[in-house]
Amino acid sequence: MYFKIKTEAEKALRKAVESFDCEFEEEIKMEFPPNPELGDLASTISFQLAKLLRKAPNLIAPEIVENIELPEIFERVEATGPYVNFFINHDIFAKQLLDSVDEDYGQLEAIDEKIILEHTSANPNGPLHIGHIRNSVIGDSLRRLLTKAGYNVDTQYYVNDMGRQLAMIVYGMEEHGLKLEDQPSEKIDHKVGELYFKVNQMINEDESLGEGVDATIRKYEGGPSELDEKFEYAVNSCLEGVKETLKRMNVKHDAFVWEGQFVRTGIVDNLTQELIDIGYARQGEVLYLDLSEFDIPKELVLRRADGTSLYSTRDIAYHIYKSKNCDIILDIFGSDHKLAARQVELALEILEEIEPNSDKMEVIFYEFITLPEGSMSTRRGVFISVDELMDEAVKRAKEEILSRRSDIDEELVDEIAEEIGIGAIRYYIARLSPEKHITFKWDEALSFERGCASIQYAHARACKLLKKAQEENNIDLDNLEVEETWSLNDNEKELVKLIAKFPSLIEDSAKIRRVHPIAQYCQDLAGAFNRFYKSEQVIGSDVENARLLLVEKARIALKNSLDILGVSAPSIM
RNA sequence: GCCCUGGUGGUGUAGCUUGGAUAACACGUGGGACUGCGGAUCCCAUUCCCCGGGUUCAAAUCCCGGCCAGGGCACCA
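This structure is a prediction, so every number in the text was calculated from the model and none was measured.

Novice: Which parts of the structure should I look at to understand the side chain of N200?
Specialist: For N200, the location among the structural elements is in helix α7 (residues 188-205). Contact partners of N200, with chain neighbours within four places excluded, come to M168 and R379.

In structure tokens form, the structure reads like this:
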């Protein structure tokens, strides 16, 4: 609805400006006024015109107002200083809004662009920890946001099945008799992590063992051998656990892409050869890529001295593959990957897979989540796993529910606790912009006070009210006529405006590839709903239909915005 | 050392791309409301743009120089 209002205001402004003697071609700037007394939509067009007309902005604004033909959706337009403020005719606006919101609200028109979104891609050498989960939450929320914005999104998890870390695990199993089933944890990915930790300890104590790992890598890359199924077994075991964790977090991937295929199919060799042919790859002690002309003084090693492949080279191959299959490559990486990502992008340019300086490859970098005592490490066995985090979150949520209600049965309590616990985690991460460093603290991450739970609560309240109207008063929500007498009060206006904002919020957030504005929106919307709910009687009021519809549409907006964050909206809690 | 991020009330953040009205949200703290549709509610108070220059009619926002914190600069991923 805001799209429409904005366009109408812009059109009217442009027409008004036509009567002035100047050529005004720029995009008209619009913004939201700081408070309702200054209207619902404002334009700073006077500032833009000031230079052209050689006139003070606060003199231009009244002239525009005088010349403007006001569209019906506005009640009036005023000049306040240099600003041109539009006031919505809320009675008309609200009715149009209530008509336009359906279950699909917020879904924008399809855009003919395919995005391959890579996220999580954690090494399969142990369970996901709370550092990885920031990647998943950002990635999965973005998947939901971009889909809602009309893009065709394909999400992929890049599986590092060929790295040194995996080789260490296989080496430990093959040469030192370590077995997954001997590890103490219950869950399979945790067992993998424990085994990996042990191999690390062994190598720390006796560095000569590293030679065995090298041999394992050489053999695995050398061609089909009995090692293949060992690697597959290790990777699949870990992935099995990781997938369980992701599922519980409401994170969905369309595909798991194994890096090994890029080596086996010869793509890595081909691209390496091509880089040599073009002249960017040089042979020193090892084969490396010279990127100094791009202001990267550090050479990128393409192959180990023993001929085996490296992560960076395989990643270039993967990105070539992605590039061939989509319009936009979108990666979610930790900020420690900044240099590597830039190198991959340059390699793609050199290989003419993407245009120089194109924006086909986009990377969202996020800063780390650290523990108060320092950074996490699978290798050192220092981390908080996502499984632990979820268990604790759900446990706390359950206690919270039990302390408030004794009237619902255990099974339902567990179900709701799950929704609240997982929601709290996702919300805690999604609400922050990615470049913000987080020091993890249990109480902050799992706070139910005014966090995600209060948003879910607003939704549950709406559901309860609607249910009551339907069951006790036999009201059919689908056939309600808004009363002619309905004239909106401030709480209603605020709620209507927020609901109306949703589609343009999706468009804007999708454009900047950020999900945290959605989190803020959820909170604002819940707040507006709670204020409305507190001050206005719905059932039994003389504008009952209008208000019931408003509750229903607020409920949808709340549910759909939470959905973008991967947070479920319980109807009872 | 070089490069990349961040620095906004007591705390955690949004706003910075594209400069514009009284800097937004939540927590905390202190007061208060409500016997109605669920109190995980609502209202009021409280307190902020790291420092120094510059550009501009106008700077949290742009530019330069500092300071502090995190990350990167592997034949790891």
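Following the structure, the description resumes.
Novice: What is the right way to look at the pairing of strand β4 (residues 83-88) in this model?
Specialist: Side chains on a regular strand alternate between the two faces of the sheet. Counting buried residues in β4 gives five out of six residues, a clear majority hidden from the surface. Sheet analysis places strand β2 (residues 41-43) next to β4, joined by three bridges and oriented antiparallel. Note that in β4 the partner of L41 across the bridge is F86. With six bridges joining them, strand β3 (residues 74-80) and β4 adopt antiparallel strand pairing. Among the inter-strand pairings, R76 is bridged to a residue of β4, identified as F87. Here β3 folds back onto β4, and the loop between the two strands holds two residues, one of which, G81, carries a positive phi near 60°.

Novice: Please clarify how the packing of helix α18 (residues 490-512) against helix α20 (residues 544-564) should be interpreted in this entry.
Specialist: When two helices pack together, their arrangement is captured by the angle between the axes and the distance separating the axes. Their axes nearest at 10 Å, the elements α18 and α20 cross at an angle of 35°. Both α18 and α20 take part in a crossing whose hand is left-handed. Residues E492, L495, V496, I499, F502 and I506 of α18 form the contact with α20, whose own contacting residues are R547, L550, K553, A554, A557, N560, S561 and I564. Of the residues contributing to the contact of α18 with α20, the split by class is nine nonpolar, two polar and three charged.

Novice: I tried to follow unusual backbone geometry on my own but got confused; where do I start?
Specialist: Only a minority of non-glycine residues have a phi that is not negative, and only a minority of peptide bonds are not trans. One non-glycine residue with positive phi stands out, namely D295, at about 70°. Inspection of the secondary structure assignment puts D295 in the loop between β9 (287-289) and β10 (300-301). On the basis of relative accessibility, which here comes to 71%, the residue D295 falls in the exposed class. Here the phi dihedral of N357 falls at roughly 60°; this positive angle occurs in a residue that is not glycine. Relative to the helices and strands, N357 is located in the loop between α13 (338-350) and β12 (361-366). Accessibility expressed as a relative area gives 72% for N357, which makes it exposed.

Novice: Looking at this structure, how should I read the state of the cysteines?
Specialist: Simply put, the disulfide is a covalent bond whose two ends are the sulfur atoms of two cysteines. Within the structure shown, the criterion is met by zero disulfides. Of all cysteine sulfurs, the one in C522 lies closest to C452, which takes part in no disulfide; the gap is 7.5 Å. The exposure class of C452 is buried, given its relative accessible area of 3%.

Novice: Hey, could you run me through a negative patch on the surface in this one?
Specialist: Side chains of E274, D277, E352 and E355 sit close together on the surface and give a patch of like negative charge. By secondary structure assignment, the location of D277 is in helix α11 (residues 267-278). Residue D277 is classed as exposed on the basis of its relative accessible area, which comes to 58%.

Novice: Explain the domain arrangement of chain A here, please?
Specialist: Interface size is commonly expressed as the accessible surface area that is lost when the partners come together. Here chain A is described as being made up of domain 1 (2-88), domain 2 (262-366) and domain 3 (386-564). Across the domain 2/domain 3 interface, buried area totals approximately 370 Å², and carbon plus sulfur atoms make up 55% of it. Of all residues in domain 2, E362, I364 and Y366 bury the most surface against domain 3, accounting for 69% of the area lost on that side. The interface formed by domain 2 and domain 3 includes one salt bridge.

Novice: So what exactly am I meant to see when it comes to the environment of E69 here?
Specialist: Mapping E69 onto the fold places it in the loop between α3 (57-67) and β3. Each C-alpha atom of the pair E69 and A9 lies 9.7 Å from the other, and the pair is 60 residues apart in sequence. The residues touching E69, leaving out its near neighbours within four places in the chain, are A12 and K15.

Novice: What am I meant to see in the packing of aromatic side chains here?
Specialist: Each aromatic ring pair is specified by the distance between its two centres and by the angle formed by the two planes. For the coordinates displayed, the defined rule picks out 14 aromatic pairs. Seen from their ring centres, F74 and F86 are 4.9 Å apart, and the 45° between their planes marks the pair as tilted. Of this pair, F74 sits in strand β3 while F86 sits in strand β4, and the two are 12 residues apart along the sequence. The exposure classification of F74 matches that of F86, with both residues buried. Here the aromatic rings of F529 and F532 are separated by 6.3 Å at their centres, their planes lie at 45°, and the arrangement is tilted. Here F529 and its partner F532 are both found in helix α19 (residues 516-535), three residues apart, which amounts to about one turn of the helix. Overall, the relative accessible area of 1% leaves F529 in the buried class. Here the aromatic residues Y158, F262, Y318 and Y321 are joined through ring pairs into a cluster of three or more. Over the ring of F256 we find K243; its NZ or CZ atom is 4.4 Å from the centre of that ring. Over the face of the ring belonging to F32 we find K501, whose NZ or CZ atom lies 4.5 Å from the ring centre.

Novice: Which parts of the structure should I look at to understand the nonpolar core?
Specialist: Looking at soluble globular proteins, one finds that nonpolar side chains tend to be buried together. One finds F86, L142 and I499 to be the most contacted residues of the largest nonpolar core, which totals 193 residues. Setting aside its immediate chain neighbours within four residues, F86 contacts A9, L13, M30, G39, D40, L41, I68, L70, F74, R76 and V77.

Novice: Before we go on, may I ask you to explain the sheet that holds β10 in this structure?
Specialist: Reading across the sheet, the three strands line up as β8-β9-β10 and stay open at both edges, with antiparallel pairing between neighbours. Among the strands making up the open sheet, the edge pair consists of β8 (281-283) and β10. Looking at chain direction, β9 and β10 are connected through two bridges and run antiparallel. When the bridges of β10 are listed, L289 appears paired with L300.

Novice: Just checking my understanding: could you explain the sheet that holds β3 for this structure?
Specialist: Each strand in a sheet pairs with its neighbour through backbone hydrogen bonds, running either in the same direction (parallel) or in the opposite one (antiparallel). Pairing is antiparallel across the open sheet formed by four strands, whose spatial order is β1-β2-β4-β3. Where the open sheet ends on each side, the last strands, each with one partner, are β1 (30-31) and β3. Across the sheet, α3 touches β3 and β4, and the angle it forms with β3 is around 155°.

Cut-off values and rules
- Residues numbered from 1 in each chain as written.
- Chains lettered and ligands numbered in written order.
- Predicted model: local features only at pLDDT ≥ 70, side-chain atom pairs only at ≥ 80, totals over all residues.
- Heavy atoms only, no water.
- Helix = DSSP H or I, 4+ residues; strand = E, 2+ residues; numbered from the N terminus.
- Contact = heavy atoms within 4.5 Å.
- Buried < 20%, exposed > 50% of the residue type's maximum accessible area, 1.4 Å probe, protein only.
- Pairing = 2+ DSSP bridges.
- Axes fitted to C-alpha atoms, helices over the stretch in contact; angles between N-to-C directions.
- Left-handed = near helix turned anticlockwise from the far one by under 90°.
- Nonpolar A, V, L, I, M, F, W, Y, C, P; charged D, E, K, R; others polar.
- Disulfide = S-S within 2.5 Å.
- Patch = residues over 30% accessible without salt bridge, like charges linked within 9 Å, V, L, I, M, F, W, Y side chains within 5 Å.
- Areas by Shrake-Rupley, 256 points an atom, 1.4 Å probe, with all protein chains shown as cover.
- Salt bridge = Lys/Arg side-chain N within 4 Å of Asp/Glu carboxyl O.
- Lys, Arg positive; Asp, Glu negative; His and termini not counted.
- Charge placed at Lys NZ, Arg CZ, Asp CG, Glu CD.
- Domains from an automatic or database assignment.
- Buried area = accessible area lost by both parts, 1.4 Å probe.
- Phe/Tyr/Trp six-rings, centres within 6.5 Å; stacked < 30°, edge-to-face > 60°.
- Lys NZ or Arg CZ within 6 Å of the ring centre and 35° of its normal.
- Core = buried A, V, L, I, M, F, W, Y, C linked by side-chain atoms within 4.5 Å.

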